[in-house]
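The primary structure of each chain is shown beneath.
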Amino acid sequence: MKAVVIREFGNPDGLEVVDVPVPVPAPGQVLIATEAAGVGGVDAVIRRGMLAAYGFQEGHLLGSEVAGSVTVVGEGVDASWIGRRVWAFTGVSGGYAEQAVAAVEDILPLPDGLTGADAVTLGGSGVVAHFALERARFTPGEAVLVRGAAGSIGITAVQLAARGGAGAVAVTTSSAERGARLRDLGATHVLDRSGEGAGPNVPSGFDVVLDVAGGPQLPLFLDRLNSNGRFVSVGVAGGQPPADFGMRLMDAFRRSLSFATFSSDTVPVPDRQAVRSAQFTDAAHGSLRTVVHEVLPLDQAVLAHRKMDAGEVFGRVVLAP
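Keep in mind that what you see is a predicted model, and the values were worked out from it rather than measured. All chains use their own residue numbering, which begins from 1 and follows the written sequence. With the structure being a predicted model, the display of local features is reserved for residues of pLDDT at least 70 and the display and counting of side-chain atom pairs for 80 or more, all residues being used for whole-chain, interface and lining totals. As a rule here, side-chain values cover all heavy atoms of the structure and leave hydrogens and water aside.

A. Inspection of the overall build of the protein at higher detail. The secondary structure listing takes helices from DSSP runs of H or I that are at least 4 residues long and strands from runs of E that are at least 2 residues long, numbered from the N terminus. Along its length, the protein carries eight helices and 15 strands. In this description the radius of gyration comes from C-alpha coordinates, and the expected globular size is given by 2.2 Å times residues to the power 0.38. Against the 2.2 N^0.38 benchmark of 20 Å for 321 residues, the protein shows a C-alpha radius of gyration of 20 Å, consistent with a compact globule. In terms of principal-axis extent, the alpha carbons of the protein reach across some 55 × 40 × 35 Å. Here Asp and Glu are counted as negative and Lys and Arg as positive; His is not counted, and neither are the chain ends. Charge placement uses NZ in Lys and CZ in Arg. For Asp and Glu, CG and CD serve respectively. Measuring between centres, the 25 positive side-chain charges of the protein sit 6 Å from its 33 negative side-chain charges.

Shown next, in the form of C-alpha cells:
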C-alpha cells in the first residue's frame, strides 16, 4: 500500500511516498481503509525534527487520525465493527496511508451526515479545545483570547468559548479576511499576531489565553493576562518559547498568574471519546462548524505541508488516499 514517510527531517520536500506492507491488526485492534487523514500541526513539528530527542526518527510514517471503514478486526474485537465508518486515533504514526490500524478503544462510529474530512478536522482538535478551556477553568462572562486561531484547534476553541458565554472572544490572526471568518464563527475582537488591534471595546486584558502558537512572542501574551488570569499552551506551531519566559510570570508575581501546558494524552480515553462523540453529533447537525481548507490526494502530502508552513491554511488540510 502507499504511505507517506519522512525521508529526511526538515522542509516538506523531505516527505516521500513509499510502498509498505499492509499492517495486520494485533489483538484489540482494527484495520481501516482510509477515506481521509488529517494533516495536523504536530505532523509538521515531527517532520522538522523538533521531536527527534523523543524517539522520532527518519523513516517515520506520519499521521495521527483517520476516517474510513473497518475492514478487518484483530483477536478479541467484535466482528460487528467490520464495514462501519469510523474515526480513529492512530497514535503518533500511521495515518498518512491507504490503510491504518488503531486500537478499538480509539475508534468512534461516524454519525450520518459527517464526512470523513470533517471527522479528521474535528476529531483531535475538538477534544483539545474542549479540555484546554476546562483546564483554564473558563467560566461564562470571562474574556478569552485564542492565539493562533486560524487552525482547527483555534477555530473550535472560538466556537466553544462563544457558546459557553464568554464576555469577549478575541483572536490573533494574520489578515482581515481571516479575521472576518473568525468573527463569523464567534470571535468578537480581531487582533494582529502581536496581540494589537484597533476597534472599540478591545479588552485591555484577558482572563484566559489559549495559545496554539508558542514561539518567541509568547511572553507578550502573558503580559495580557488579567490578575488571576490563566494561560494554557496547547501547541508550539511557531516554535519553542524563549527559555526565560517564566521570568514574565515571576515579574508579575502579585497578579497571581497561572501558566499551564495541556495535552489531550492526559485525559482518560473514555472522557475523550465522550466529548468527541458529542462534538461529532453537533457537527453533523450543524451546531458546531468544521472548516476543511482543502482535500488533497495522499501523494500531495508535500504540498499540504508547504501550505501549512507558508501559513496559507485556514482550518485543516486533509489527505485522501
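Picking up where we left off.
B. Broad picture of the environment of F253. For F253, the position within the fold is in the loop between α6 (246-251) and β13 (258-261). Sequence spacing of F253 and S227 is 26 residues, and the spatial spacing of their C-alpha atoms is 9.8 Å.

C. Quick peek at the sheet that holds strand β12 (residues 225-233). Pairing within the open sheet is parallel, and its six strands lie in the order β10-β9-β8-β11-β12-β13. The open sheet has two edge strands, β10 (189-191) and β13, and neither has a second partner. Across the sheet, the axes of successive neighbouring strands diverge by a mean angle of 15 degrees, strand direction being ignored. Strands are labelled as partners when DSSP assigns at least two bridges between them. Bridging between β12 and β13 involves four bridges; their strand directions are parallel. The residue of β13 that forms the bridge with V232 is A260. Axis definition: a line fitted to C-alpha atoms, over the contacting stretch in the case of helices. Angles run 0 to 180 degrees between N-to-C directions.

D. Focus on the packing of helix α2 (residues 116-135) against helix α7 (residues 269-285). Direction vectors running N to C along α2 and α7 enclose 125 degrees, while the axes themselves pass 9 Å from each other. When the interaxial angle is binned, α2 and α7 end up oblique. The way α2 lies across α7 gives a crossing that is right-handed. Of the residues in α7, those in contact with A119, L122, G123, G124, G126, V127, H130 and F131 of α2 are D271, R272, V275, R276, Q279, F280 and A283. For the contact of α2 with α7, the residue count by class is seven nonpolar, five polar and three charged. Any angle between 65 and 115 degrees counts as roughly perpendicular, while under 35 counts as roughly parallel, over 145 as roughly antiparallel, and the rest as oblique. Crossings are sorted by hand: turned counterclockwise from the far helix by less than a right angle, the near helix makes the crossing left-handed, and turned clockwise it makes it right-handed. In what follows, a contact means two residues having at least one pair of non-hydrogen atoms within 4.5 Å. Side-chain classes follow a simple rule in which Ala, Val, Leu, Ile, Met, Phe, Trp, Tyr, Cys and Pro form the nonpolar group, Asp, Glu, Lys and Arg form the charged group, and the remainder, Gly included, forms the polar group.

E. Looking closely at empty space enclosed by the protein. Every definition here rests on a 1 Å grid over the protein atoms only: cavities are sets of points where a 1.4 Å probe fits but cannot get out, pockets are open sets enclosed by protein on both sides within 12 Å along at least five of seven lines, and lining residues have some atom within 4 Å of a point. Grid points are joined across faces, edges and corners, and a volume is the space filled by probe spheres set on the points. This model, assessed by the stated rule, comprises one cavity of 30 Å³ or more. Roughly 30 Å³ of volume is contained in the largest cavity. Taken together, T121, L122, S152, I155, T156, R289, T290 and V291 make up the lining of the largest cavity. Mapped onto the lining of the largest cavity, the elements with two or more residues apiece are α2 and α3 (152-163). Looking at the lining of the largest cavity element by element, the count peaks at three residues for α3.

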